[in-house]
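Results of the structural survey
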Amino acid sequence: GMGDPVCIACGRLAFVLGVHGPCMSVDTACSSALVAAHVAACAVAGEEGGSAIPAGVSLQLLPYSSLGLGAAGMLSVDGRCKTFDARANGLARAEAVVAAYLQPWTATATCIAGSAVRSDGRSASLTAPSGAAQRILLRAVLACSAMALDEVGGVQAHGTGTALGDPTESGALAG
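What counts as what
- Residue positions are counted from 1 within each chain, in the order its sequence is given.
- With the structure being a predicted model, the display of local features is reserved for residues of pLDDT at least 70 and the display and counting of side-chain atom pairs for 80 or more, all residues being used for whole-chain, interface and lining totals.
- In computing side-chain values, all of the structure's heavy atoms are included and hydrogens and water are not.
- Strands are runs of DSSP state E lasting at least two residues, helices are runs of H or I lasting at least four, and both sets are numbered from the N terminus onward.
- Burial here depends on accessible area, computed with a 1.4 Å probe over protein chains only, as a share of the maximum for the residue type. Under 20% is buried, over 50% is exposed, and the range in between is partly exposed.
- In what follows, residue pairs with any heavy atoms lying within 4.5 Å of each other are defined as contacts.
- Charge counting treats Lys and Arg as positive and Asp and Glu as negative, with His and both chain ends excluded.
- Every case where a carboxyl oxygen of Asp or Glu lies within 4 Å of a side-chain nitrogen of Lys or Arg is listed as a salt bridge.
- Two N or O atoms form a polar contact when they lie within 3.5 Å of each other; inside protein one atom must be a possible hydrogen donor and the other a possible acceptor, and for residues adjacent in sequence the pair counts only when both atoms belong to side chains.
- In this description, a nonpolar core means a group of buried Ala, Val, Leu, Ile, Met, Phe, Trp, Tyr and Cys residues linked to one another through side-chain atoms lying within 4.5 Å.
- In this scheme, patches are assembled from residues that exceed 30% relative accessible area and form no salt bridge. Like charges are connected within 9 Å, while nonpolar side chains (Val, Leu, Ile, Met, Phe, Trp, Tyr) are connected within 5 Å.
- To be clear on the numbers: accessible area is Shrake-Rupley with a 1.4 Å probe, and residue cover counts the displayed protein chains and nothing else.
- Across the chain, each position has a pLDDT score giving the predictor's confidence in that residue, from 0 to 100.
- In this description, the arc belongs to the directions extending from the helix axis to the C-beta atoms.

1. Thoughts on the overall build of the protein
Scanning the protein from N- to C-terminus turns up 5 helices and 2 strands. Reading the protein from its N end, one meets helices and strands in the order α-α-β-α-β-α-α. With respect to the three principal axes, the spread of C-alpha positions in the protein is 50 × 45 × 30 Å. Looking at the protein as a whole, 21% of its 175 residues qualify as buried. A separation of at least 24 residues holds for 58% of the contacts in the protein among residues at least 6 apart in sequence.

2. Considerations on the side chain of Asp-166
As for its placement among the helices and strands, Asp-166 is situated in helix α5 (residues 165-174). Despite its burial, Asp-166 pairs with no opposite charge, the nearest such side chain being Lys-82 at 9.9 Å. A polar atom in the side chain of Asp-166 sits 2.8 Å from the backbone nitrogen of Phe-84. Residue contacts for Asp-166: discarding those within four places in its chain leaves Lys-82, Thr-83, Phe-84, Ala-88, Gly-159, Thr-160 and Gly-161.

3. What about the nonpolar core?
One recurring pattern in soluble globular proteins: nonpolar side chains tend to sit buried together. Ranked by size, the top nonpolar core spans 5 residues in total: Ala-40, Ala-41, Val-44, Ala-52 and Leu-102. Look past the residues within four positions of Ala-41 in its chain and what remains in contact with it is Leu-102 and Ile-112.

4. Observations concerning the environment of Met-24
You can see Met-24 is positioned in the loop between α1 (7-17) and α2 (32-45). Distance in space between the C-alpha atoms of Met-24 and Gly-114 is 21 Å, their sequence separation being 90 residues. Setting aside chain neighbours within four positions, we find Met-24 in contact with Cys-10 and Val-39.

5. A look at the pattern of salt bridges
Two side chains bearing opposite charge may form a pair once their charged atoms approach each other closely. What the rule picks out here adds up to 2 salt bridges. Of the charged contacts in the structure, one is a salt bridge between Lys-82 and Asp-78, with a shortest N-O distance of 3.0 Å. For Lys-82, a relative accessible area of 12% gives the class buried. Measuring nitrogen to oxygen at the nearest pair gives 2.7 Å for the salt bridge that ties Asp-85 to Arg-87.

6. A closer look at a nonpolar patch on the surface
On the surface, a nonpolar cluster with roughly 820 Å² of combined accessible area is contributed by Leu-13, Phe-15, Val-16, Leu-17, Val-19, Ile-53 and Tyr-101. Within the fold, Val-16 resides in helix α1.

7. Structural notes on the confidence of the model for the protein
Of the residues in the protein, 95% have a pLDDT of 70 or more, and the chain-wide mean is 86. When mean pLDDT is taken per element in the protein, helix α3 (residues 64-71) scores highest with 93 and α1 scores lowest with 88.

8. Looking at α5
For α5, the full list of buried residues reads Gly-165, Asp-166, Thr-168, Glu-169 and Ala-172. The arc that holds the buried residues of α5, viewed along the axis, is 165°, so those residues lie on one side. Summarising the contacts, the buried residues of α5 are in contact with α4 (131-145).

Structure (structure tokens):
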């Protein structure tokens, strides 16, 4: 009875590892791992302190989502996502697990300099990104990180490999 809800997975990990502090499951579709990292970075930097292990897991256990995306013409016909490439022809679904260990910043520690979470709100469609909303988000991240644009060493992009999503996202990054 306890194993079905997604919220139980993180609690089981905290139980096995014997860790304390905030423990939650985050489901924001494609951005779940990034939102988890944002929440964890805020907790580590804020009053909750300590360290954090944000993680993301994607398992394709049932075919229904893939069948729906295929029927909508959103999947790459060759099964390869070619993000920001002229040959891009759709997204590719995959299974993955990723985790990071975050601790308070020190001179030798790698840190997340800034992050923010924002919804695109109304756009051309439910799956169409909003360049304007993404530009607002990017400005917020720069502001909270107190970094200049030329100091940014990397950006995590959605990168769907689609004719709609990639130009919108690269345009927001350029703007």
